[in-house]
Amino acid sequence: MAANSSNGEQQTTSKPPPLPSPLRFSKFFQSNMRILVTGGAGFIGSHLVDKLMENEKNEVIVVDNYFTGSKDNLRKWIGHPRFELIRHDVTEPLLVEVDQIYHLACPASPIFYKYNPVKTIKTNVIGTLNMLGLAKRVGARILLTSTSEVYGDPLIHPQPESYWGNVNPIGVRSCYDEGKRVAETLMFDYHRQHGIEIRIARIFNTYGPRMNIDDGRVVSNFIAQALRGEPLTVQKPGTQTRSFCYVSDMVDGLIRLMEGENTGPINIGNPGEFTMLELAETVKELINPDVEIKMVENTPDDPRQRKPDITKAKELLGWEPKVKLRDGLPFMEEDFRLRLGVSKKK
Ligand SMILES: NC(=O)c1ccc[n+]([C@@H]2O[C@H](COP(=O)([O-])OP(=O)(O)OC[C@H]3O[C@@H](n4cnc5c(N)ncnc54)[C@H](O)[C@@H]3O)[C@@H](O)[C@H]2O)c1
Ligand SMILES: O=C(O)[C@H]1O[C@H](OP(=O)(O)OP(=O)(O)OC[C@H]2O[C@@H](n3ccc(=O)[nH]c3=O)[C@H](O)[C@@H]2O)[C@H](O)[C@@H](O)[C@@H]1O
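Residues numbered from 1 in each chain as written. Chains lettered and ligands numbered in written order. Predicted model: local features only at pLDDT ≥ 70, side-chain atom pairs only at ≥ 80, totals over all residues. Heavy atoms only, no water.

- Labelled according to an unreviewed UniProt entry, the protein chain appears under the name UDP-glucuronate decarboxylase, originating from Durio zibethinus.
- Per UniProt, the comment on the protein chain under Catalytic activity (unreviewed entry) is "UDP-alpha-D-glucuronate + H(+) = UDP-alpha-D-xylose + CO2". (UniProt positions renumbered as here; feature names shortened; annotations may be inferred.)

## Observations concerning the site of ligand 2
Turning to step 1, where the next piece is worked out: Lining the immediate surroundings of ligand 2 are 25 residues, of which A108, S148, T233, Q235 and R242 lie closest.
Turning to step 2, where the next piece is worked out: Within the contact set of ligand 2, an oxygen atom lies 2.3 Å away from a backbone nitrogen or oxygen of A108.
Turning to step 3, where the next piece is worked out: Backbone polar atom of I203 to an oxygen atom of ligand 2: 3.2 Å apart, as the coordinates give it.
Turning to step 4, where the next piece is worked out: Summarising the interface, the protein chains cover 95% of the accessible area of ligand 2, which totals 710 Å² for the free molecule. (Near = heavy atom within 4 Å. Polar contact = N/O pair within 3.5 Å; in protein donor to acceptor, adjacent residues only side chain to side chain. Areas by Shrake-Rupley, 256 points an atom, 1.4 Å probe, with all protein chains shown as cover.)

## Quick look at the site of ligand 1
Turning to step 1, where the next piece is worked out: For ligand 1, the set of nearby residues contains 29 residues, the closest of which are I44, D64, T68, L104 and Y176.
Turning to step 2, where the next piece is worked out: In this structure, an oxygen atom belonging to ligand 1 sits 2.9 Å away from a main-chain N or O atom of F43.
Turning to step 3, where the next piece is worked out: Between ligand 1 and I44 there is a distance of 2.8 Å, counted from an oxygen atom to a backbone nitrogen or oxygen.
Turning to step 4, where the next piece is worked out: Surface burial for ligand 1 is 97%, taken as the share of its 820 Å² of free accessible area covered by protein chains.
Turning to step 5, where the next piece is worked out: Broken down by secondary-structure element, the contributors of at least two residues to the shell around ligand 1 are α1 (43-53), β7 (141-147) and α4 (174-194).
Turning to step 6, where the next piece is worked out: The biggest single contributor to the shell around ligand 1 is β7, with 3 residues.
Turning to step 7, where the next piece is worked out: Residues of the shell around ligand 1, tallied by class, amount to 13 nonpolar, 12 polar and 4 charged. (Helix = DSSP H or I, 4+ residues; strand = E, 2+ residues; numbered from the N terminus. Nonpolar A, V, L, I, M, F, W, Y, C, P; charged D, E, K, R; others polar.)

## Comments concerning the pairing of strand β8 (residues 198-203)
Turning to step 1, where the next piece is worked out: Among the 6 residues that make up β8, 6 are buried, leaving the element largely enclosed by the rest of the structure.
Turning to step 2, where the next piece is worked out: The alternating pattern of β8 places I198, I200 and R202 on one face and R199, A201 and I203 on the opposite face, and all of these are buried.
Turning to step 3, where the next piece is worked out: Here β7 runs beside β8; their pairing, made up of 6 bridges, is parallel. Considered in β8, the bridge of I142 is made with I198.
Turning to step 4, where the next piece is worked out: As a crossover connection, the stretch from β7 through α4 into β8 is right-handed.
Turning to step 5, where the next piece is worked out: Pairing geometry for β8 and strand β13 (residues 266-268), over 3 bridges, is parallel. (Buried < 20%, exposed > 50% of the residue type's maximum accessible area, 1.4 Å probe, protein only. Pairing = 2+ DSSP bridges. Right-handed = clockwise from strand over helix to strand, strands pointing away.)

## Some words on the nonpolar core
Turning to step 1, where the next piece is worked out: V37, V49, Y102 and Y207 are the most contacted members of the largest nonpolar core, which totals 58 residues.
Turning to step 2, where the next piece is worked out: Ignoring sequence-local partners within four residues, the contact set of V37 consists of G45, L48, V49, L52, V60, I61, V62, V63, Y102 and L104.
Turning to step 3, where the next piece is worked out: V63, I142, Y190 and I200 belong to the second largest nonpolar core, which has 24 residues in total. (Core = buried A, V, L, I, M, F, W, Y, C linked by side-chain atoms within 4.5 Å. Contact = heavy atoms within 4.5 Å.)

Now the structure itself:
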């Protein structure tokens, strides 16, 4: 119910969340935790599924439209009695009975999210609305994978969660960054208005095995280029920075956030910050010292700096990343070598 305060402002009262399925409290039925992962056939989603499936009490349902994800990422679980894979687009309503929802579905690489921007914004807005409607109907807790892109081209460095961002509302990246901002708004409105249990992770650049080889993101581009013996394409000016988090650290952070008591938003990322030229030099040194580094044109609105302030994640989740960039890159190299059929020189 909305109520008017003395100064005329509208206030909302939080309702308790809807009750979970009665089976959760049943004496004789050993119910499992049923977990929905939207976008679970993608890069982060499939690693999250691997981790969730390690717990024998979890049943995992993945929904994915395979725009940027692939069944191949989940092949070891297909046919497993605790696993189910559904081809479904989150812009359409979904009826399943679950206890938790990890809502990841959304293209993440700029070349893919810009490919069909209207679809990207529908995925962020209508997709999130549908998943919140589902959470409301079944009393599930829902986690949204938001992004550091909500800070836009940040004027504060590093970025704490309290920073409201510097985002172009009409640019070519807006379908994604403004889309995620609306998704965060929807999450908090459902929380305040309907008492839904929400969690919001603001993910910073994540890398690791299973990224699409021609994904277009910088780490996958440089590793594929180094292995193919092609020049590493550094977009100008090359001094722009990013902070790269290895995927196992990310999955650990997401699960801690879901299981903890804080709604967020909480930054999850690795504060180690590198310019794109430094990243290119590191990939060259580790993977192929013979390749050139080539400067190429950049795309509009590319954020100039990005580094998470992870004080909240440390204090509230007891989380901090363990894998340094130099230690994570070789795992990704190994996976890319296998998929590209390029063996290591002896
Ligand atoms: N990887 C990163 O660096 C990063 C950073 C910030 C936020 N995120 C967020 O994390 C999530 C996962 O990112 P990722 O790197 O694994 O990307 P990804 O592209 O590998 O995975 C996204 C998955 O969502 C699926 N999908 C897209 N639109 C869909 C729709 N309408 N219906 C159903 N499925 C749909 C894709 O097919 C894919 O499997 C995304 O929400 C992304 O915005 C990722
Ligand atoms: O972590 C985040 O919050 C966001 O980060 C990325 O967006 P972006 O940082 O622009 O990712 P990349 O496309 O990997 O670009 C990173 C930097 O590398 C540069 N780049 C990219 C590709 C390339 O070949 N060369 C190159 O120098 C870009 O200009 C940019 O400055 C992700 O793709 C988003 O999904 C995610 O939400």
